[in-house]
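# Architecture at a glance
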Amino acid sequence: MAWFKRTQKGIQTATEDKKDVPKGLWYKSPTGKIVDAEQLEKNFYVSPEDGYHVRIGSKEYFKILFDDNKFKELDKNIESKDPLTFTDTKKYTERLKAAQEKTGLTDAVRTAVGKSKGNDLVIACMDFSFIGGSMGSVVGEKIARAANHALINNIPFMIISKSGGARMMEAALSLMQMAKTSVKLAQLADANIPYISLCTDPTTGGTTASFAMLGDINISEPGALIGFAGPRIVKDTTGQDLPKDFQTAEYLKDHGFLDFITPRSELKDKVNLYLDLILNQPVRS
């Protein structure tokens, strides 16, 4: 029975000979499913066991949407300042520096232009890993500039939202970005340039109250949390029990806030189909 019981006591392995399992080989979904990381990447970061859409960032979305992952990044080096000299548990400047070092990003959104199924497309994609995808002055400015690039060059525009809301360290300056971005989207509408909004998990706060719900077509990934305030705050404010699946993409679609729910594996095809239909041009295969 030595196959499960040691025949010798005190067996030790030298530290340099111990084998650690490298991080990132496996992913465990919230439902408890274990997925090989390489398989997960090949499946658009969607768990094949339960269809759970793992949170990803601009790097992965650009790879999914742009042909051959080729694009030109816009306004790459814009960084946030500290106009309020804000301090909570640490200085805002320190928090920004730490987020930049950890993520390799300059702020919570990246904007780029490239080809998607052969046609030009401008994309602004938020990154939740950068201070919770919070919307500060840089996020609003980069989205506004990306929309302006689409306007000047007559190119369809897409925003991928993934945000915890306005960035409190910039206070009212963050809230002003709601109006700034909304004005730019209105200009696109006046010029008959399509704008598609993709809500991913989570899309909350000021992003939901502005550009995330202003698309010519509003779409979402399955199971995404979408709302303004969190469910606990809504329940405490209204004093009522919330419906089942409240603030999920499926609930919002059933109640008319979303047009479509699109699995990530179909995202590129569906986005370009919507654009072809809006522009009344031949549907690309």
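Details of the structure are given in the entry above.
The present account deals with the structure reproduced in this document.

### Observations concerning the overall build of the protein
Helices and strands together make up the secondary structure of the protein, namely eight helices and nine strands. Projecting the C-alpha coordinates of the protein onto the three principal axes gives extents of approximately 80 × 50 × 45 Å. For the protein, the proportion of its 285 residues judged to be buried stands at 42%. For the protein, the proportion of contacts with a sequence separation of at least 24, taken over those separated by at least 6, is 66%. A total of about 15800 Å² of accessible surface is found on the protein, and carbon and sulfur atoms cover 53% of it. For the protein, the centre of its 38 positive side-chain charges and the centre of its 36 negative side-chain charges are spaced 5 Å apart.

### Let's talk about the pattern of salt bridges
This model, assessed by the stated rule, comprises 16 salt bridges. Between Lys63 and Glu41 there is a salt bridge whose closest N-O contact spans 3.6 Å. Here the residue Lys63 occupies a position in helix H2 (residues 58-65), and Glu41 occupies one in helix H1 (residues 37-42), the gap between them amounting to 22 residues. On the basis of relative accessibility, which here comes to 51%, the residue Lys63 falls in the exposed class. Linking Arg145 and Glu141 is a salt bridge whose minimum nitrogen-to-oxygen distance equals 2.8 Å. With Arg145 and Glu141 both in helix H4 (residues 137-153), this residue pair falls four residues apart, about one helical turn.

### What to know about the packing of aromatic side chains
The full count for this structure, using the stated rule, is six aromatic pairs. Each ring, one from Phe260 and one from Tyr274, has its centre 4.9 Å from the other, and the planes form 10 degrees; the classification is stacked. In this pair, Phe260 sits in strand S9 (residues 260-261) while Tyr274 sits in helix H8 (residues 267-278), placing the two residues 14 residues apart along the sequence. What makes Phe260 partly exposed here is its relative accessible area of 36%. A residue is classified by how much of its surface remains accessible, and Tyr274, at 6% relative accessible area, is buried. An aromatic cluster is present here, built from Phe62, Phe66 and Phe71 joined pairwise through their rings. Arg55 extends its terminal NZ or CZ atom over the ring of Phe128, reaching a point 4.6 Å from the ring centre.

### Regarding the sheet that holds strand S8 (residues 217-220)
Taken together, the seven strands give an open sheet; going across it, the order is S3-S4-S5-S6-S7-S8-S9, and neighbouring strands pair in mixed fashion. Of all the strands in the sheet, the pair left with one neighbour each is strand S3 (71-74) and S9. The sheet contact formed by strand S6 (residues 157-163) and strand S7 (residues 195-203) spans six bridges and is parallel. Directly across from Ile159, in S7, lies its bridge partner Ser197. The strands touched by H2 within the sheet are S3, strand S4 (109-116), strand S5 (119-126), S6 and S7, with S4 carrying the most contacts at an inclination of about 10 degrees.

### Quick notes on the pairing of S5
Regular strands have side chains that alternate between both faces of the sheet. Burial runs high along S5: six of the eight residues are buried. For S4 and S5, the ladder comprises eight bridges, and the chain directions are antiparallel. Its bridge partner lying in S5, Ser116 is registered against Asn119. Pairing of S5 with S6, which is carried by four bridges, proceeds in the parallel orientation. Directly across from Ile123, in S6, lies its bridge partner Met158.

### Regarding the environment of Val54
By the secondary structure assignment, Val54 is in the loop between H1 and H2. Looking at Val54, the relative accessible area reads 10%, which means it is buried. Excluding its chain neighbours within four sequence positions, the residues that come into contact with Val54 are Tyr27, Leu40, Tyr45 and Arg264.

Rules behind the numbers
- Residues numbered from 1 in each chain as written.
- Predicted model: local features only at pLDDT ≥ 70, side-chain atom pairs only at ≥ 80, totals over all residues.
- Heavy atoms only, no water.
- Helix = DSSP H or I, 4+ residues; strand = E, 2+ residues; numbered from the N terminus.
- Buried < 20%, exposed > 50% of the residue type's maximum accessible area, 1.4 Å probe, protein only.
- Contact = heavy atoms within 4.5 Å.
- Areas by Shrake-Rupley, 256 points an atom, 1.4 Å probe, with all protein chains shown as cover.
- Lys, Arg positive; Asp, Glu negative; His and termini not counted.
- Charge placed at Lys NZ, Arg CZ, Asp CG, Glu CD.
- Salt bridge = Lys/Arg side-chain N within 4 Å of Asp/Glu carboxyl O.
- Phe/Tyr/Trp six-rings, centres within 6.5 Å; stacked < 30°, edge-to-face > 60°.
- Lys NZ or Arg CZ within 6 Å of the ring centre and 35° of its normal.
- Pairing = 2+ DSSP bridges.
- Axes fitted to C-alpha atoms, helices over the stretch in contact; angles between N-to-C directions.

As far as function goes, none of this settles anything; it's purely spatial.
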